[in-house]
Amino acid sequence: MPISKDFERRLSTSLRPIVDHYGTPFHLYDEKGVRETGAALKEAFSGFEGFREYFAVKALPNPEIMHIMRSMGFGLDCSSIAELQLSRKVGARGEEIMFTSNNTSRVEFEAAEAEGGSILNLDDISLIDKVPRMPELICFRYNPGGRRTGNDIIGNPIEAKYGVSHNQLLDAYRRAQARGARRFGLHTMLASNELDYSYMVETTRMLLEVVEWLSESLDITFEFINIGGGLGIPYRPDQTPLDIHAMAQEIGAEFDRFRSRYGYAPRLYMESGRFMTGPHGVLVTRAINRKVIYRTYVGMDACMSALMRPGMYGAYHHIDVLGKEAVQETVDVVGSLCENNDKFAIQRALPKIEAEDILYIHDTGAHGHAMGFNYNGKVRPKELLLRSDGTVGLIRREETLDDYFATLEFEPDRMVL
Ligand SMILES: *Cc1c(COP(=O)(O)O)cnc(C)c1O
């Protein structure tokens, strides 16, 4: 079950005129779908007072999308100065922004503290003394390492570069407190594209146990726990979507247990990217060549610069051919990079694709355009938004060669040594 039947139905009538008007290639995002996912998430967690999703900006860093997130009451999770600036351009301030950076530089901290600040989510104990002004509210990212957390679901983050280790955690909060912090949160991010919701339940249980331990040891209370992103989406037709209602119910039981012991519970935050926008985007690209050697290759007018996931991770993205349904042959769907992994699909059974056919590659709404790169001088495509009112808007133009050349110094300076 890749993109929704509803999005697909609307594409079946609107894609041809959009292609004719804007030209290919482009990513097209579906506002209606994003809003439905947001509403479903809010509904599932409506029993949690103060629940908040902080949309992970890196998944789809476009102001129009970020406006939609804000209009649903969501915050924005940032990890770079560019993401902070984008968030402020769409009006987010203070605790509407979570700054979850790692290997953070001083200029990044200064940017995070500028213009009304943000929630600082510190990735290491050594950063406590590097924060220019310790804010009142501070959060740490926790890395549980090899600790067992009740069952075997949570893997072994010992090799991950992120977060504060278990034996540093108490000291981290104590030192932040000594520098003036008075309000506290706790964060972790342990899953990625996970369709089994029990990971998130386990994460919640683990964080609440840590909160108990820290609260009792330091005589502080926690305002929130942030269970991170990593909620999965079904990229393959045979996968079932994450059950957010069951997830909310089981997370709720963990909160109830905590509340019955302590008389309060922290707020629940999460910071999903993929889950919010992934299924609500398609990469639309035109077949320009067909090549038959040992295998059949269908060459597209888009390449890895528009979508890295298949080439980089071997990720599956479902593909449809506009107006053709019956499967007729097995082909590789490729871009034009001088890099043999520039393939959107390998040995995929598809209808017979001729030059000029329009393909749409599913689930490109998160970590799609945003991950694109310029290797081989390939520029990134435009982004379009199919709005809830049925209109379409260009929300990012395609890159041009002038953009690509913009950083080149055609007359370099000369430093004499
Ligand atoms: C990438 C990232 C996310 C979002 O991940 P998704 O898989 O898109 O949900 C959330 N939080 C942090 C800290 C991240 O690095």
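Everything numeric here is computed off the predicted structure, so don't read it as measured data.

Our next topic: the environment of Gly 50. Tracing the sequence through the fold places Gly 50 in the loop between helix H2 (31-44) and strand E2 (52-56). Those residues in contact with Gly 50, other than ones at most four positions away along the chain, are Arg 267, Leu 268 and Tyr 269.

Let's shift gears to the site of the ligand. Around the ligand sit 13 residues in total, of which Lys 58, Gly 230, Glu 271, Arg 274 and His 367 are the nearest. Within the contact set of the ligand, an oxygen atom lies 3.0 Å away from a backbone nitrogen or oxygen of Gly 273. Between the ligand and Arg 274, the relevant distance is 2.8 Å, taken from an oxygen atom to a main-chain nitrogen or oxygen of the residue. For the ligand, whose free accessible area comes to 380 Å², the fraction covered by protein is 89%. Here the residues of the shell around the ligand are counted per class, giving two nonpolar, six polar and five charged.

Sheet architecture is closed into a barrel: eight strands sit in the order E2-E3-E4-E5-E6-E7-E8-E9, paired in parallel fashion. In this sheet, neighbouring strand axes are inclined to one another by 30 degrees on average, regardless of whether the strands run parallel or antiparallel. Both E2 and strand E3 (residues 75-78) contribute to a ladder of three bridges, which runs parallel. When the sheet's bridge partners are listed, Ala 56 is paired in E3 with Asp 77.

To continue, consider unusual backbone geometry. Leave glycine aside and you will find that most residues have negative phi; peptide bonds, for their part, are mostly trans. The omega torsion across Thr 24 and Pro 25 is -5 degrees, close enough to zero to call that bond cis. With respect to the element layout, Pro 25 can be found in the loop between helix H1 (5-22) and strand E1 (26-30). Residue Glu 115 is not a glycine yet carries a positive backbone phi of 45 degrees. Position of Glu 115 among the secondary structure elements: in the loop between helix H5 (106-113) and strand E5 (118-122). Even without a glycine there, the phi angle at Glu 356 is positive, about 85 degrees. As for its placement among the helices and strands, Glu 356 is situated in the loop between strand E14 (343-350) and strand E15 (358-362).

Below, the discussion takes up the nonpolar core. Most often, soluble globular proteins have nonpolar side chains that are buried together. In terms of nonpolar packing, the biggest core is built from 79 residues, with Phe 45, Phe 140, Leu 186, Met 247 and Ile 251 touching the most fellow members. Counting residues in hydrophobic clusters, the runner-up holds 17 residues, among them Ala 302, Val 321, Val 331 and Val 333.

Here we take up the packing of helix H6 (residues 166-178) against helix H7 (residues 198-218). Taken N-terminus to C-terminus, the directions of H6 and H7 make an angle of 50 degrees; their axes are 11 Å apart at the nearest point. Comparing the axis directions of H6 and H7 gives the class oblique. Once H6 is placed against H7, the crossing between them reads as right-handed. Residue-level contacts link His 166, Leu 169, Leu 170, Tyr 173, Arg 174 and Gln 177 of H6 to Val 210, Trp 213, Leu 214, Ser 217 and Leu 218 of H7. Here the residues of the contact of H6 with H7 sort into seven nonpolar, three polar and one charged.

Looking now at the pairing of strand E17 (residues 392-396). Within a regular strand, the side chains alternate between the two sheet faces. When strand E16 (residues 382-386) meets E17, the two strands line up antiparallel, connected through four bridges. Note that in E17 the partner of Glu 383 across the bridge is Arg 396.

Quick look at H5 now. The set of residues buried in H5 consists of Glu 108, Phe 109, Ala 111, Ala 112 and Glu 113. Summarising the contacts, the buried residues of H5 are in contact with helix H4 (81-89), strand E4 (94-99) and E5. At the C-terminal side of H5, Glu 115 shows a positive phi close to 45 degrees.

This part covers the domain arrangement of the protein. Many descriptions give the size of an interface as the accessible area lost when the pieces come together. Domain boundaries assigned for the protein yield domain 1 (31-277) and domain 2 (278-399). Here domain 1 and domain 2 have C-alpha centroids that lie 32 Å from each other. Taken together, both faces of the contact between domain 1 and domain 2 bury some 1,900 Å²; the carbon and sulfur share is 54%. The three residues of domain 1 that bury the most area against domain 2 are Glu 31, Tyr 235 and Thr 277, which together make up 32% of that side's buried surface. Put simply, domain 1 and domain 2 have zero salt bridges between them. Looking at the side of domain 1 that touches domain 2, the elements with two or more residues in it are H2, helix H3 (63-71) and helix H9 (274-277). Sort the elements by how many residues they give to the side of domain 1 that touches domain 2 and H2 lands first, with six residues. When its residues are assigned to classes, the side of domain 1 that touches domain 2 shows twelve nonpolar, five polar and seven charged.

Each value, and the rule that gives it
Residues numbered from 1 in each chain as written. Predicted model: local features only at pLDDT ≥ 70, side-chain atom pairs only at ≥ 80, totals over all residues. Heavy atoms only, no water. Helix = DSSP H or I, 4+ residues; strand = E, 2+ residues; numbered from the N terminus. Contact = heavy atoms within 4.5 Å. Near = heavy atom within 4 Å. Polar contact = N/O pair within 3.5 Å; in protein donor to acceptor, adjacent residues only side chain to side chain. Areas by Shrake-Rupley, 256 points an atom, 1.4 Å probe, with all protein chains shown as cover. Nonpolar A, V, L, I, M, F, W, Y, C, P; charged D, E, K, R; others polar. Pairing = 2+ DSSP bridges. Axes fitted to C-alpha atoms, helices over the stretch in contact; angles between N-to-C directions. Core = buried A, V, L, I, M, F, W, Y, C linked by side-chain atoms within 4.5 Å. Buried < 20%, exposed > 50% of the residue type's maximum accessible area, 1.4 Å probe, protein only. Parallel < 35°, antiparallel > 145°, perpendicular 65-115°, else oblique. Left-handed = near helix turned anticlockwise from the far one by under 90°. Domains from an automatic or database assignment. Buried area = accessible area lost by both parts, 1.4 Å probe. Salt bridge = Lys/Arg side-chain N within 4 Å of Asp/Glu carboxyl O.

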